[in-house]
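Take a look at the letters that make up each chain.
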Amino acid sequence: MLNRRKFLQLSTLAAPLLSLKNMASNGNAQTKPIVVSTWNNGKEVNAEAWKILSKNGRSLDAVEAGARYVEDTIDCCIGLGGYPDRDGIVTLDACIMDEHANCGSVGAIEQIKHPVSVARKIMETTPHIMLVGDGAQQFAIENGFKKEPKELSAPAKEAYQNWLKKSEYKPEINIENKKGNGPFAPPFFDDGSPNHDTMGLVAIDASGNMSGAVTTSGMAFKIHGRVGDSPIIGAGLFVDNEVGAATSSGLGEEVIRICGTHVVVEYMRHGLSPEAACKKAIERIINRDMQRAKTLQVGFLALNKKGEYGAYAVQKGFVFAVKSNGEEKIVPAKYFFDLGVT
Ligand code: ASP
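Residues numbered from 1 in each chain as written. Predicted model: local features only at pLDDT ≥ 70, side-chain atom pairs only at ≥ 80, totals over all residues. Heavy atoms only, no water.

> An account of the site of the ligand is requested, with residue identities and associated values reported.
With respect to spatial proximity, 12 residues lie near the ligand, and among them Thr198, Arg226, Asp229, Ser249 and Gly250 are the closest. Contact between the ligand and serine 249: an oxygen atom at 2.7 Å from a side-chain N or O atom of the residue. A distance of 2.9 Å is found between an oxygen atom of the ligand and a backbone nitrogen or oxygen belonging to glycine 252. For the ligand, the protein covers 100% of the area, taking 260 Å² as the surface of the free molecule. Residues that form the shell around the ligand fall into these classes: one nonpolar, eight polar and three charged. (Near = heavy atom within 4 Å. Polar contact = N/O pair within 3.5 Å; in protein donor to acceptor, adjacent residues only side chain to side chain. Areas by Shrake-Rupley, 256 points an atom, 1.4 Å probe, with all protein chains shown as cover. Nonpolar A, V, L, I, M, F, W, Y, C, P; charged D, E, K, R; others polar.)

The following block contains the structure:
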């Protein structure tokens, strides 16, 4: 998998090939179906979702398939290959939501490979929405999910060993284009590789129905039991089939504070384009504490009922992937600050 820095270099080279229509802008109406995903891994995730969407499948199945795909991929930030918490334990967060406002969610689940499917199982077979920790794991096992070994992946082990040298608790989300020895660039991220990268995707199927899913191992080296925005409906994901859907990545605590994706969808309900809605939500974070906002990253990605999409981030570096009948591309999101030292 490409790391973020390499990806940005490649996407810069590819930029002249993008047509004007390919720019992330307001009014980029697409024909259904369409899927949009956070980050550069979103390209592969979209391809998985597309296998279902292109056969007139349900958006719910498509977003689950996309999330499952990336849960299988060893990376820093998603699935059992992700970086652990500060006790060396990988805990995963995920959620899913369909066109009827049905939703399911798991927080801090351990040793289960596909938390997004556990979330769907909760949604479809229980009267509840969210299960966490041991209870979520027990539910998963009772429902046929296999308990995987506790071992860390090789990259996670290496990153954790590095972190242990100082064991400094700095619950931070790195800013994509920031490099060097500044306060927000721990040594093991000097290559530009990220310490977070939640996968969030939202889709419209051929019938016009919207769904979304999110999956993550959350913030690297967090306190054991910490749950971010990703599995929280209205924070990491919100779908309203009449209006649109949104997902987020970045410092979860900041997203939770403003009920981020719910806010984005509400702005779209009041007539804003997806990009403008994401920008307004980001402004809420920035206006609360401008100095603090300069030290963190949050990105929102939204899709409205018409198939228009858009994103906005606190910092430069957030990208998203789009796949529809007419388009397949990675788009850099607009942003407020370009504070990176590249
Ligand atoms: N939003 C995630 C969290 O706070 C982190 C990320 O986007 O990677 O857990």
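Following the structure, the description resumes.
> Can you explain the side chain of aspartate 85? Please cite residues and give values.
With respect to the helices and strands, aspartate 85 occurs in the loop between helix H3 (59–71) and strand E2 (92–97). One buried charged residue, aspartate 85, remains without a salt bridge, the closest side chain of opposite sign being lysine 222 at 6.4 Å. For aspartate 85, the contacting residues outside a window of four places in its chain are Thr91, Tyr160, Phe221, Lys222, Ile223 and His224. (Helix = DSSP H or I, 4+ residues; strand = E, 2+ residues; numbered from the N terminus. Buried < 20%, exposed > 50% of the residue type's maximum accessible area, 1.4 Å probe, protein only. Lys, Arg positive; Asp, Glu negative; His and termini not counted. Salt bridge = Lys/Arg side-chain N within 4 Å of Asp/Glu carboxyl O. Contact = heavy atoms within 4.5 Å.)

> For the sheet that holds strand E8 (residues 244–250), give the residues involved together with the corresponding values.
Pairing is mixed across the open sheet formed by five strands, whose spatial order is E7-E8-E9-E10-E13. Bordering the open sheet on either side are strand E7 (237–240) and strand E13 (334–337), each of which pairs with just one other strand. Here the average twist between neighbouring strands, direction ignored, is 10 degrees. Relative to strand E10 (residues 309–315), strand E9 (residues 298–304) runs antiparallel, the two sharing five bridges. In the sheet register, glycine 299 faces E10, and the bridge partner there is alanine 313. (Pairing = 2+ DSSP bridges. Axes fitted to C-alpha atoms, helices over the stretch in contact; angles between N-to-C directions.)

> Residue-level account of the pairing of strand E3 (residues 103–109), with values.
The side chains of a regular strand alternate between both faces of the sheet. Across the seven residues that make up E3, a large majority, seven, are buried. With five bridges connecting them, E2 and E3 associate as antiparallel partners. Looking at E3, one finds that methionine 97 is bridged to cysteine 103. Hairpin connection between E2 and E3: a loop of five residues separates the two successive antiparallel strands, and alanine 101 in this loop has a positive phi of roughly 70 degrees.

> Tell me what's going on with the pattern of salt bridges, and back it up with residues and numbers.
This structure, assessed with the given rule, holds 20 salt bridges. Of the charged contacts, one joins aspartate 61 and arginine 120 as a salt bridge, the two residues approaching to 2.7 Å between their closest N and O atoms. Of this pair, aspartate 61 sits in helix H3 while arginine 120 sits in helix H4 (residues 115–125), and the two are 59 residues apart along the sequence. In this structure aspartate 61 comes out as partly exposed when scored by relative accessible area, which is 30%. Given a relative accessible area of 11%, arginine 120 falls into the buried group. In this structure, lysine 306 and glutamate 308 form a salt bridge, with 3.9 Å as the shortest nitrogen-oxygen distance. The exposure class of lysine 306 is exposed, given its relative accessible area of 57%.

> Help me get a handle on the nonpolar core, residues and values and all.
Ranked by size, the top nonpolar core spans 53 residues in total, and within it Val264, Val298, Phe300, Leu303 and Val314 carry the most contacts. By size, the runner-up hydrophobic cluster in this structure holds 42 residues, among which are Leu60, Ile78, Leu80 and Val106. (Core = buried A, V, L, I, M, F, W, Y, C linked by side-chain atoms within 4.5 Å.)

> How would you sum up the environment of glycine 310? Please name residues and give values.
Within the fold, glycine 310 resides in strand E10. Each C-alpha atom, one on glycine 310 and one on valine 331, is 9.3 Å from the other, the two residues being 21 residues apart in sequence. When neighbours within four sequence positions are excluded, glycine 310 is seen to be in contact with Pro274, Glu275, Cys278, Phe300, Leu301 and Ala302.

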